[in-house]
Amino acid sequence: MAQIFTGRDGRLLLGSDTLVKVTNWSLQADLETLETTTLGDAQRSYVPGVQSFSGSASLLYYIDTDNTNDASTLLRKLVKTSGVSSTDTVSLTLRLAGDTGNNDVTITAYITSVSIGASVGELVTAQINFQGTGALTTATL
Amino acid sequence: MSVYLGSYGLVELRRSSELAEKLSVINPGDVNTSRRRFSFDFDSGFLNSGDQIEIRSTNGANLAFVDASGWVVNAVQNAGHWYINVDELGGIRLYNTFDKAIEGLQSQAIVLTSIASDIPIAVRITNLVPRILTQCSYFELNTTREAVDITALGDQFRSQYSSLISGSGNFRAFWEYLPSYAKQSAGESPHYLLQLAVRTEVGSKFSAKFYLKVGSESGTKTTYDDELWYEIDGIITQAGVNFSPENAVEISADFVTTGPIRLLAKTTPSDRLLLQDDGEILLEQNAAAALLQEDIV
């Protein structure tokens, strides 16, 4: 039976923990292409170059009943008093469907931008962008 | 179960202002003692007939242009409150009651005296007294609670979170520019709502109570005397008047609320003063006698 997926099926996991209040995430996968077209060719030709992965997510700034804040772990990777180091990577699993693990992309990434603010009549939300480093750990789309 | 008719409701308005103070100067030539009228520089619409204002000298000098008979203490002071009537040329007469100010008769105005030098003043619209909006035929007050969607990925049902409360509504009233003496001797005329909408300098702010139920006037204390009302501060956003040969002239005004919206009630108290444990307060001289309020049924 055919199946479609919606935000109800989606998840964003930090390591193995599901981030509770995420309203959306997106992933961008890119491939650089190196042109190999030569004189006399009638069509352009390419060879694959370097892959890159990046994405974004929106999180509600949210304190759970046990006083843990799911958004903070990600935000503190960039919003910190000391400089960002090579250890400040996060393992993000972008899950499209359920808890089966069959529709996942797991990426090791740096948080490259954080935008957070408070507005009258609106929830405090944080928008983050991340840049993948290295190969994907999991890709089971 | 009861059904209430609109005849139980009414609107009580209190004039308001968004401007703290207006600074100006009264020159000797601004005071016309024979006509009991004076003026100072203010923009059209800043003051309306019926407004209660405070005039204060900013250099501490007495307001010598107001005769001693115009003061509560029968002596000239450096600050005072009066009701005003503003004529078409911007001339101001002072009165000691609202209805006299609306009527605007020279003979009832407070006597003025000549001054020899300029008096710098600060004028503030105070309007402390609420008045019933006369000839009001309809009012509507809506309260709205915004809800913010906090549904997250993986949720099966939408989740909402309570956010800000706002209000809006409108009045309709049969147009009248003088208080309706037959109904309410010191009521606010509907024309004031039209004036309020075009006040540029002090804004269109007002305070109001919208009564859902007013007490009966039977003199008998029962639950019929309970009163329930909304209390708001509002800003007139639109006012209009329609003329047609076959209908009474009616004005309408839309408003939005600013600040808190309160739904209040005044219920008739029990006739006996009761202790917290429901016991009565008994007299020491007679253990069988309870302490009663004066208006016992």
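Refer to the preceding data block for the structure.
Residues numbered from 1 in each chain as written. Chains lettered and ligands numbered in written order. Predicted model: local features only at pLDDT ≥ 70, side-chain atom pairs only at ≥ 80, totals over all residues. Heavy atoms only, no water.

Participant: Give a detailed account of the interface of chain A and chain B, specifying residues and quantitative values.
Facilitator: Note on interface size: it is often stated as the accessible area lost on association of the parts. The partner chain B presents 13 residues to the 14 residues of chain A that form the contact. Across the chain A/chain B interface, buried area totals approximately 1,000 Å², and carbon plus sulfur atoms make up 59% of it. In terms of surface lost to chain B, no three residues of chain A exceed Arg8, Gly121 and Leu123 of chain A, which account for 45% of the buried area on that side. The tally of links from chain A across to chain B stands at five residue pairs in polar contact (both at pLDDT 80 or more). (Contact = heavy atoms within 4.5 Å. Buried area = accessible area lost by both parts, 1.4 Å probe. Polar contact = N/O pair within 3.5 Å; in protein donor to acceptor, adjacent residues only side chain to side chain.)

Participant: Lay out the pattern of salt bridges in plain terms, naming residues and giving numbers.
Facilitator: Residues and elements named next belong to chain B. Counting across every chain of the model gives 13 salt bridges over all chains. The shortest N-O distance in the salt bridge between Arg124 and Glu54 comes to 3.4 Å. Linking Arg124 in strand 8 (residues 119-125) with Glu54 in strand 5 (residues 52-57), this pair joins segments that are 70 residues apart in sequence. The class for Arg124 is partly exposed, based on a relative accessible area of 32%. Each of the salt bridges in this network shares a partner with another, and the network as a whole consists of Arg15, Asp51, Arg131 and Glu188. (Salt bridge = Lys/Arg side-chain N within 4 Å of Asp/Glu carboxyl O. Helix = DSSP H or I, 4+ residues; strand = E, 2+ residues; numbered from the N terminus. Buried < 20%, exposed > 50% of the residue type's maximum accessible area, 1.4 Å probe, protein only.)

Participant: Outline the packing of aromatic side chains, supporting the account with residue identities and numerical values.
Facilitator: Residue and element names in this part refer to chain B. The full count for this structure, using the stated rule, is 11 aromatic pairs over all chains. Ring centres of Phe171 and Phe206 lie 5.9 Å apart, and the angle between their planes is 55°; on these two criteria the pair is classed as tilted. Placement of the pair is Phe171 in strand 11 (residues 160-174) and Phe206 in strand 12 (residues 205-213), with a sequence separation of 35 residues. Just as Phe171 is buried, Phe206 falls in that class too. Put simply, the rings of Phe139, Phe171, Phe206, Phe210 and Phe255 touch in pairs and so form one group of aromatic residues. The cationic tip of Arg172 hangs over the ring face of Tyr138; the distance from NZ or CZ to the ring centre is 4.1 Å. (Phe/Tyr/Trp six-rings, centres within 6.5 Å; stacked < 30°, edge-to-face > 60°. Lys NZ or Arg CZ within 6 Å of the ring centre and 35° of its normal.)

Participant: Tell me about the pairing of strand 1 (residues 10-15) of chain B, and name the residues and values.
Facilitator: Residue and element names in this part refer to chain B. Alignment of strand 1 against strand 12, held across six bridges, turns out to be antiparallel. Looking at strand 12, one finds that Arg15 is bridged to Phe206. One ladder, built from two bridges, connects strand 1 with strand 9 (residues 131-132); its direction is antiparallel. Of the residues in strand 9, the one forming a bridge with Leu13 is Arg131. (Pairing = 2+ DSSP bridges.)

Participant: Just give me the short version of the nonpolar core, but keep the residues and values in it.
Facilitator: If you look at the biggest cluster of nonpolar residues, it comprises 25 residues, and the most contacted ones within it are Phe38, Phe40, Leu47, Ile55, Phe65 and Leu94 of chain B. For this core, the elements supplying multiple residues, two or more each, are strand 5, strand 6 (79-86), strand 7 (92-95) and strand 8 of chain B. Apart from residues no more than four positions distant in its own chain, Ile55 of chain B is found in contact with Phe38, Leu63, Phe65, Asn78, Ala79, Gly80, Trp82, Leu94, Ile121, Ala122 and Val123 of chain B. Leu14, Trp25, Ala57 and Ile128 of chain A belong to the second largest nonpolar core, which has 21 residues in total. (Core = buried A, V, L, I, M, F, W, Y, C linked by side-chain atoms within 4.5 Å.)

Participant: Outline the side chain of Thr93 of chain A, supporting the account with residue identities and numerical values.
Facilitator: All names here are of chain A. For Thr93, the position within the fold is in strand 5 (residues 89-95). Judged by relative accessible area, which is 6%, Thr93 ranks as buried. Here the side chain of Thr93 touches Thr106 through a polar contact of 3.0 Å, side chain to side chain. In contact with Thr93, not counting residues within four places along its chain, are Arg11, Leu12, Leu13, Gly15, Asp104, Val105 and Thr106.

It is worth stressing that arrangement in space is one thing and function is another; only the former is reported here.
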